[in-house]
Amino acid sequence: MGAKNVQTARFGIVHFGIGAFHRAHQAWYTDKAQDQKQDGAGWSIVGISLRSATVAQQLNPQDGLYTVTECSPGGRAVRVIGSVRQVLTASEQPEAVAAAIAAPETHIITFTVTEKGYCRTAEGSLDPELAQEGSIYPFLGRGLRRRLDAGLPGLTLLSCDNLAHNGRQLENLLTAYLRKQDPELAEWTARTCTFPCSMVDRIVPATTIADLDAVAAAIDMEDRGAVVTEPFSQWVIEDRFAGQRPAWERVGAELVADVTPYETAKLRLLNGAHSALAYLGLEQGHTFVHEAVADPAIRPVIEQLMRDEAAPTIPAAPGQDLGAYADALLHRFANPALNHRLIQIAMDGSQKITQRWLETLLESRNRCPAILTALAAWLRHVRGDNTAIWGAVDDPMAEALALAWKGRTSAEAVHAILGHDGVICGESALRSSDAKELLALIDAKRM
Ligand code: CS2
């Protein structure tokens, strides 16, 4: 790995949430853009983990270098990535995080902090209880305040999480935080920073010991920061940058005026199908996505969800073929070389199902039996039906969801979870006809 030519960076990106996804996606694009560069401008990333020091311990001793392995039935392709300069652990190095944001060479802050990292209420506004020390907001507030004081320009804050209108959400949430903490900074941020929306796509299973062993055998050295992924990758970015950016479009990223059709299709078809595969698949005893999608009892539900229920709610962009998109997704899900665990996708369902299923249900003019079948499986999952085999429910709302089921009938629980004042619902409460159909499905436990 030492052979990779790491440039002295003149332009910086600060990234919050340097997990496997970022390393296989934005850092991979940035590395490829570096290899293509014609202008001599070097870009590098300071990665930040909010709490855990694990990634810092993996990558810093390797000078930030690590491998991305693309797995397909045809074999494995390994690439060394040299775009990450350093990893900081925010809880231990708050001063270094503020300094990275305030560095004159920093132009962009990117985010993959997962849905729950945005600290939202069920209605989608900032939850002041959650947006405390340790969340992204105080770190952003301190770093941006230093830029203002130093007379430096604003930044592009680019959300790369699976949220609808992710840039707008980040903008609204950060603005709400800053208005309370530092109104002058809120005004400066609104005037000088931009918050583009983006659609990110690449399936990145959590790295296993077997993956690390396979990489070590392939490159003849240990790589503690290795990530594995599929060959496919997509990144569609709203072209709204406050300053400079890497030439990501030279290596496959698409810069567009409006991300909405791509983002909505990805959330409702890919992620919607993924969550359905997770809850239906776990109930059937499957471990991996490729097993669940091959199950003749599950596959028709997935096809119906994507083609008949989600796709008709999406006004496609010119040239966007949603039928072909669904075909391609089924092919990607079937990749047997990936070993993508259903339990990984089942995590944090309370933060995911609104944009993956409930918005389709609300916007659809037709019945959506496949989504309701998946929703019934999720409700059984959070009731605890799968815990004997798959362990405790991993969700920030797990306790509230279990409580909503406790001593209640299915009808009462559905109301407590998905009604107007429900645990997760807010604006996207179920229509009464859907609620009725859902109830029958919960208790029938069949597909
Ligand atoms: C998955 C996503 O874990 C999940 O919830 O649906 O991480 C999915 O693999 C990515 O969005 C694919 O781009």
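Each chain carries its own residue numbering, running from 1 in the direction its sequence is written. Residues qualify for local features only when their pLDDT is at least 70, as the model is predicted, and side-chain atom pairs are given and counted only at 80 or more; totals for whole chains, interfaces and linings, by contrast, use all residues. Side-chain measures were taken over the full set of non-hydrogen atoms in the model, leaving aside hydrogen atoms and water.

Participant: What is the right way to read the site of the ligand from this model?
Facilitator: A molecule or strand has a residue near it when one of that residue's heavy atoms lies within 4 Å. Taken together, 13 residues lie around the ligand, and Asp 201, Lys 266, His 274, Lys 352 and Arg 356 are the ones closest in. Two N or O atoms count as a polar contact when they lie within 3.5 Å, although within protein this holds only if one can serve as hydrogen donor and the other as acceptor, and sequence-adjacent residues are included solely when both atoms are side-chain atoms. Within the side chain of Asp 201, a nitrogen or oxygen atom sits 2.6 Å from an oxygen atom of the ligand. A total of 340 Å² of accessible area belongs to the ligand in isolation, and the protein chains cover 88% of it. Note on conventions: DSSP H or I runs of at least 4 residues are helices, E runs of at least 2 residues are strands, and numbering of each starts at the N terminus. Per-element accounting of the shell around the ligand gives the leading share, 4 residues, to helix α9 (residues 260–283). For every accessible area listed, the method is Shrake-Rupley and the probe measures 1.4 Å; residues are considered covered only by the protein chains on display.

Participant: I'm lost on the pattern of salt bridges in this one. Help?
Facilitator: Two side chains carrying opposite charge are able to pair once their charged atoms lie near each other. Take a side-chain nitrogen of Lys or Arg and a carboxyl oxygen of Asp or Glu: if they are within 4 Å of each other, that pair is a salt bridge. Applying the stated criterion to the full structure yields 26 salt bridges. A salt bridge links Glu 115 to Arg 356; the shortest N-O distance between them is 3.7 Å. Placement of the pair is Glu 115 in the loop between β6 (106–111) and α5 (136–150) and Arg 356 in helix α14 (residues 349–363), with a sequence separation of 241 residues. Each member of the pair, Glu 115 as well as Arg 356, is classed as buried. The residue Asp 149 makes a salt bridge to Arg 145 at a minimum N-O spacing of 2.7 Å. Of this pair, Asp 149 and Arg 145 both sit in helix α5, 4 residues apart, roughly one helical turn. Each of the salt bridges in this network shares a partner with another, and the network as a whole consists of Arg 145, Asp 149, Asp 182 and Glu 184. Buried, partly exposed and exposed residues are distinguished by accessible area as a fraction of the type maximum, computed with a 1.4 Å probe on protein chains only: under 20%, between the cut-offs, and over 50%, respectively.

Participant: Sorry if this is basic, but what is going on with the state of the cysteines here?
Facilitator: Working definition of a disulfide: a covalent bond connecting the sulfur atoms of two cysteines. Two cysteine sulfurs form what is called a disulfide whenever their separation falls within 2.5 Å. In the structure shown here, the tally under the stated rule is 0 disulfides. With no disulfide of its own, Cys 119 lies closest to Cys 160 among cysteine sulfurs, the gap being 17 Å. With no disulfide of its own, Cys 193 has Cys 197 as its nearest cysteine by sulfur position, at a separation of 15 Å.

Participant: Whenever I open this one, the pairing of strand β3 (residues 66–72) confuses me. Can you help?
Facilitator: Side chains on a regular strand alternate between the two faces of the sheet. The element β3 is largely enclosed, with a buried count of 5 among its 7 residues. Looking at chain direction, β3 and strand β9 (residues 227–229) are connected through 3 bridges and run parallel. The partner of Thr 69 across the bridge, within β9, is Val 228. Two strands are said to pair when DSSP picks up at least two bridges between them.

Participant: Any chance you could explain the pairing of strand β7 (residues 156–159) here in plain terms?
Facilitator: Of the two faces of β7, both are covered, the one formed by Thr 156 and Leu 158 as well as the one formed by Leu 157 and Ser 159. Where β6 lies against β7, 4 bridges are found, and the strand directions are parallel. Its bridge partner being in β7, Thr 110 is matched across the sheet by Leu 158.

Participant: Looking at this structure, how should I read the environment of Ala 311?
Facilitator: Structurally, Ala 311 can be placed in the loop between α11 (299–310) and α12 (322–333). Remark: the alpha-carbon pair of Ala 311 and Leu 322, spanning 11 residues in sequence, is separated by 6.3 Å. When near neighbours in sequence (up to four residues on either side) are disregarded, Ala 311 contacts Leu 269, Met 306 and Leu 322. In this description, contact between two residues means that some pair of their heavy atoms is separated by no more than 4.5 Å.

Participant: It is not clear to me how the sheet that holds strand β11 (residues 254–256) should be interpreted in this structure. Could you clarify?
Facilitator: Within a sheet, neighbouring strands are paired by backbone hydrogen bonds and run either parallel or antiparallel to one another. Here we have 3 strands laid out as an open sheet, ordered β8-β10-β11, and mixed in their pairing. Only two strands of the sheet have a single partner each, and these edge strands are β8 (198–201) and β11. Sheet twist, expressed as the mean angle between neighbouring strand axes with direction ignored, is 15 degrees. Sheet topology note: the strand β10 (residues 234–238)/β11 ladder contains 3 bridges and is parallel. Bridge pairing in β11 places Ile 237 opposite Leu 255. In this description, a line fitted to the C-alpha atoms serves as the axis of each element, helices being fitted only across the stretch in contact, and the angle between N-to-C directions of two axes falls anywhere from 0 to 180 degrees. The strands touched by α9 within the sheet are β8 and β10, with β8 carrying the most contacts at an inclination of about 40 degrees.

Participant: Looking at this model, I keep getting lost on the nonpolar core. Mind explaining?
Facilitator: Nonpolar side chains in soluble globular proteins tend to end up buried together. Membership of the largest hydrophobic core comes to 72 residues, with the highest contact counts inside it found for Trp 357, Leu 375, Trp 378, Leu 418 and Leu 438. Residue contributions to this core peak at 11 residues, all from α9. Note that domain bounds follow an automatic or database assignment of domains. Two domains each provide a minimum of three residues to this core, namely domain 1 (12–256) and domain 2 (260–443). Residues contacting Trp 357, with those up to four places away along its chain left out, are Gly 272, Ser 275, Ala 276, Tyr 279, Leu 305, Ile 371, Ala 374, Leu 375 and Trp 378. To qualify as a nonpolar core, a set must consist of buried Ala, Val, Leu, Ile, Met, Phe, Trp, Tyr and Cys residues joined through side-chain atoms within 4.5 Å.

So far we have only geometry, and geometry alone does not tell us how the molecule works.
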